[in-house]
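Residue-level structural notes
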Amino acid sequence: AAAGPERPQVVSHVQQALSYTVFDCKWVPRSARLLCLGSAARGTGLIQLYELHGARLELLREIEKPKPIKCGTFGATSLQQRYLATGDFDGNLNIWNLEAPEIPVYSVKGHKEIINSIDGVGGLGIGEGAPEIVTGSRDGTVKVWDPRQKDTPVANMEPVQGESKRDCWTVAFGNAYNQEERVVCAGYDNGDIKLFDLKTMSLRWETNIKNGVCSVEFDRKDINMNKLVATSLEGKFHVFDMRTQHPTKGFASVSEKAQKSTIWQVRHLPQNRDIFMTSGGSGSLHLWKYEYPAQRSKKDSEGSEMGVAGSVSLLQNVTLSTQPICSLDWSPDKKGLCVCGAFDQTVRVLIVTKLNKI
């Protein structure tokens, strides 16, 4: 890892013990507030809204729902509304107005089984095109929803006839740089990564990283596809250069073994897309920087363009918990402010220093 006084530090600023299992944490855009989503001991779902006051978190609101909540996103809402979309253990996609959270403003039974992962795009002034939400489920399907259309998904990516269904663990939007273009990347329990082109409604690329894919994220949703990070069950992550797709070899990638245990999540720093954090099964966080190669593409012997992978360097790592850190979210507004939730039933607000020096 980078040495010297310029090295960023990951400082645990506030720790808050919770009385339930937290599955996801999210910053509320344009605020000093954050949400914890999870499962109460009696099998119900919980949404807690906290506000950061200096070195403490104040609980503003606790909302209980019938089913445990697995994941949430603000990605498809406007900055004026800031509605939260959630996926639960029963396969329901709900959208909540946190000011009046008694009944959802939108609700659909999206999947037959648990919604493992959710992402949104087209809201918050990020990304062109319609506001859309993607959900990935244990039932093997990945569905895209437009909250302005009731009940039916605008896209449904499911196993073809005769193909066994795989548990979809993670989904992410990308390539939303104009009104027409948009892709969804999905990762599955058997190591499959699939890239669906929503413009042509086709499978654009697929690969397999030989181990369950825990998390995928593009470095930015609202630009021409640039980089994609995929993390796995066995402590490895892969960075794909998404600028050049070779006809047979696909996208160039570099892989890094971060640790022995599962890498649960990857999140790119909103203010610098070449810096990202991974969270691990050993209760650790690793901060990484991607370095581009001198040339991002070259011609192969046939004359086809192929990508060239860059390299990854470790900037800092810290162990915060004895249990896996299952969720991670950077503040979109304040550089270096981060929240993470772990299975030790604790939510932590972190400050990462010196990010402007990198």
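Residues numbered from 1 in each chain as written. Predicted model: local features only at pLDDT ≥ 70, side-chain atom pairs only at ≥ 80, totals over all residues. Heavy atoms only, no water.

Per an unreviewed UniProt entry, the chain carries the name Dynein axonemal assembly factor 10 and comes from Pomatostomus ruficeps. The Subcellular location (unreviewed entry) field of the UniProt record for the chain holds the comment "Dynein axonemal particle". Per UniProt, the chain carries the Function (unreviewed entry) text "Key assembly factor specifically required for the stability of axonemal dynein heavy chains in cytoplasm." (UniProt positions renumbered as here; feature names shortened; annotations may be inferred.)

We now examine the sheet that holds strand 15 (residues 183-188). Taken in spatial order, the four strands line up as 14-15-16-17 in an open sheet, and their pairing is antiparallel. Two strands bound the open sheet, and with one partner strand each, they are strand 14 (168-174) and strand 17 (202-208). Direction aside, the axes of adjacent strands within the sheet are offset by 20° on average. Sheet topology note: the strand 14/strand 15 ladder contains six bridges and is antiparallel. Counted as the bridge partner of F173 is V184 from strand 15. (Pairing = 2+ DSSP bridges. Helix = DSSP H or I, 4+ residues; strand = E, 2+ residues; numbered from the N terminus. Axes fitted to C-alpha atoms, helices over the stretch in contact; angles between N-to-C directions.)

This next bit is on the sheet that holds strand 2 (residues 21-27). Pairing is antiparallel across the open sheet formed by four strands, whose spatial order is 2-3-4-5. On the outer flanks of this sheet lie strand 2 and strand 5 (56-65), each paired with one strand and no other. Across the sheet, the mean angle separating the axes of adjacent strands is 20° when strand polarity is ignored. Pairing between strand 3 (residues 33-39) and strand 4 (residues 45-53): seven bridges, direction antiparallel. Within strand 4, the position partnered with L34 by the bridge is Y50.

Turning next to the packing of aromatic side chains. Aromatic ring pairs are described here by two measures, namely the spacing of the ring centres and the angle between the planes. One pass over the full model with this rule turns up eight aromatic pairs. With a centroid separation of 5.2 Å and 70° between ring planes, the pair formed by W205 and F240 is classed as edge-to-face. Separated by 35 residues along the polypeptide, W205 in strand 17 and F240 in strand 20 (residues 236-241) bring together distant segments of the chain. Neither residue differs from the other here; W205 and F240 are each classed as buried. Centroid distance Y290 to Y292: 5.2 Å. Interplanar angle 80°. Geometry classified as edge-to-face. Here a set of aromatic residues connected by ring pairs shows up, and it is made of F23, F89, W264 and F343. For R182, the ring lying beneath its charged end belongs to F173, and the centroid distance is 5.8 Å. (Phe/Tyr/Trp six-rings, centres within 6.5 Å; stacked < 30°, edge-to-face > 60°. Buried < 20%, exposed > 50% of the residue type's maximum accessible area, 1.4 Å probe, protein only. Lys NZ or Arg CZ within 6 Å of the ring centre and 35° of its normal.)

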